Amino acid sequence: MEKKKIIEVNNLVKKYGDFTAVKGISFDVYEGEIFGLLGPNGAGKSTTLEIIETLRDKTSGTINVDGYDLDQQPNEIKKIIGVQLQSSGYYPNLTLTELIEMFGGLYNQEVKPLELLEKFNLTDKAKNKYKELSGGQKQRFSIATTLINKPRIIFLDEPTTGLDPQARRSLWDLILQVRAQGTTVVITTHYMDEAEFLCDRCAIVDSGQIIALASPDNLIDQLVSQGFERKKEVKKANLEDVFIHLTGKELRED
Ligand code: ADP
């Protein structure tokens, strides 16, 4: 069956003055997949994401999101996407329930704060203020809020940066759950284990260009077929496995 393209990016260029941060990249995202943009700092990932999210102007190129042209119908695009805000986007003194109600009002959506919080393992914090949350709870909450307008696509920019291994794994499970409900996910990350675990396909971006695009499995196979071998024999577990084994999978922050 032909997969449906939900995002089409063609020859996207972004210049900041004389500096070209995004140098004519093209890629498609299929409906229902988790698509990763990977790359070192400064590669142009956030710029690309924010242009698709309609938050930043592009210099040239075309973008189509679920049939809507970004130049013609940006407001239609805004209606069908969920964007993760930075921490500073939340009023620190409002409770989680109040924040969800506020977003519901902004998006003109009926919301059931407790149902949403329950999905994200935050029921106990319903009456807590945003500023009282731990790092992992803030990240979970920010993903929860991307779902308020019932988006077809959500964008997550480095969602697990700074989290401990338990909180990261719990967030990975949540992202899989969101996808299982039919939402397409576009994610940026620096963590290759995260990309390997979550992404159906990923684009590796370097200096504003896509230098590889395939499933994590295919990318690894391509490297191995070129004769690449790891210097050290791979053990059956890594240090993170040791850490999780010793400290447990349960979230600790609460
Ligand atoms: P990434 O998300 O991959 O770390 P960014 O998209 O944030 O990369 O940045 C790409 C490049 O564009 C970087 O060199 C960055 O310094 C530059 N850049 C980003 N935003 C601006 C801006 N508002 N003005 C000028 N340069 C910018």
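Residues numbered from 1 in each chain as written. Predicted model: local features only at pLDDT ≥ 70, side-chain atom pairs only at ≥ 80, totals over all residues. Heavy atoms only, no water.

Let us look at the pattern of salt bridges. Evaluated as defined, the whole model comprises 14 salt bridges. Measuring nitrogen to oxygen at the nearest pair gives 2.6 Å for the salt bridge that ties R152 to D66. Of this pair, R152 sits in the loop between helix 5 (135-146) and strand 7 (153-157) while D66 sits in the loop between strand 4 (60-65) and strand 5 (68-69), and the two are 86 residues apart along the sequence. Its relative accessible area of 31% is what places R152 among the partly exposed residues. Put simply, E240 and R169 hold a salt bridge, and the shortest N to O gap is 3.0 Å. One end of the pair, E240, is in helix 9 (residues 239-247); the other, R169, is in helix 6 (residues 165-180), with 71 residues separating them in the sequence. The class for R169 is partly exposed, based on a relative accessible area of 25%. Residues participating in the shared-partner salt-bridge network are R168, R169, D193, E194, E240 and D241. (Salt bridge = Lys/Arg side-chain N within 4 Å of Asp/Glu carboxyl O. Helix = DSSP H or I, 4+ residues; strand = E, 2+ residues; numbered from the N terminus. Buried < 20%, exposed > 50% of the residue type's maximum accessible area, 1.4 Å probe, protein only.)

So, about unusual backbone geometry. Excluding glycine, a negative phi dihedral is what most residues carry, and trans is how most peptide bonds are arranged. Residues other than glycine seldom take positive phi values, yet T54 does so here, at roughly 70 degrees. Residue position: T54 is located in the loop between helix 1 (45-52) and strand 4. T54 gets classed as buried once you look at its relative accessible area, which sits at 18%. Positive phi outside glycine occurs at S207, with the angle close to 45 degrees. Secondary-structure assignment places S207 in the loop between strand 9 (201-206) and strand 10 (209-214).

Take the UniProt feature "domain: ABC transporter" (unreviewed entry) in the protein chain next. Following the UniProt record, the feature "domain: ABC transporter" (unreviewed entry) maps to residues 7-232 here. Between the first and last C-alpha atoms of residues 7-232 the distance is 40 Å; the span itself is 35% helix and 27% strand. (UniProt positions renumbered as here; feature names shortened; annotations may be inferred.)

Attention now moves to a nonpolar patch on the surface. Residues L239, V242 and L246 make up a contiguous nonpolar surface patch of about 340 Å² in total accessible area. Its place among the elements puts V242 in helix 9. (Patch = residues over 30% accessible without salt bridge, like charges linked within 9 Å, V, L, I, M, F, W, Y side chains within 5 Å. Areas by Shrake-Rupley, 256 points an atom, 1.4 Å probe, with all protein chains shown as cover.)

For the rest of this paragraph, the subject is the site of the ligand. Close to the ligand lie Y16, F19, A21, P40, N41, G42, A43, G44, K45, S46, T47 and R56. Between the ligand and A43 there is a distance of 3.1 Å, counted from an oxygen atom to a backbone nitrogen or oxygen. A distance of 3.4 Å separates a nitrogen atom of the ligand from a polar side-chain atom of R56. Summarising the interface, the protein chains cover 61% of the accessible area of the ligand, which totals 560 Å² for the free molecule. If you list the elements that add at least two residues to the shell around the ligand, you get strand 2 (19-30) and helix 1. A class-by-class count of the residues in the shell around the ligand yields 5 nonpolar, 5 polar and 2 charged. (Near = heavy atom within 4 Å. Polar contact = N/O pair within 3.5 Å; in protein donor to acceptor, adjacent residues only side chain to side chain. Nonpolar A, V, L, I, M, F, W, Y, C, P; charged D, E, K, R; others polar.)

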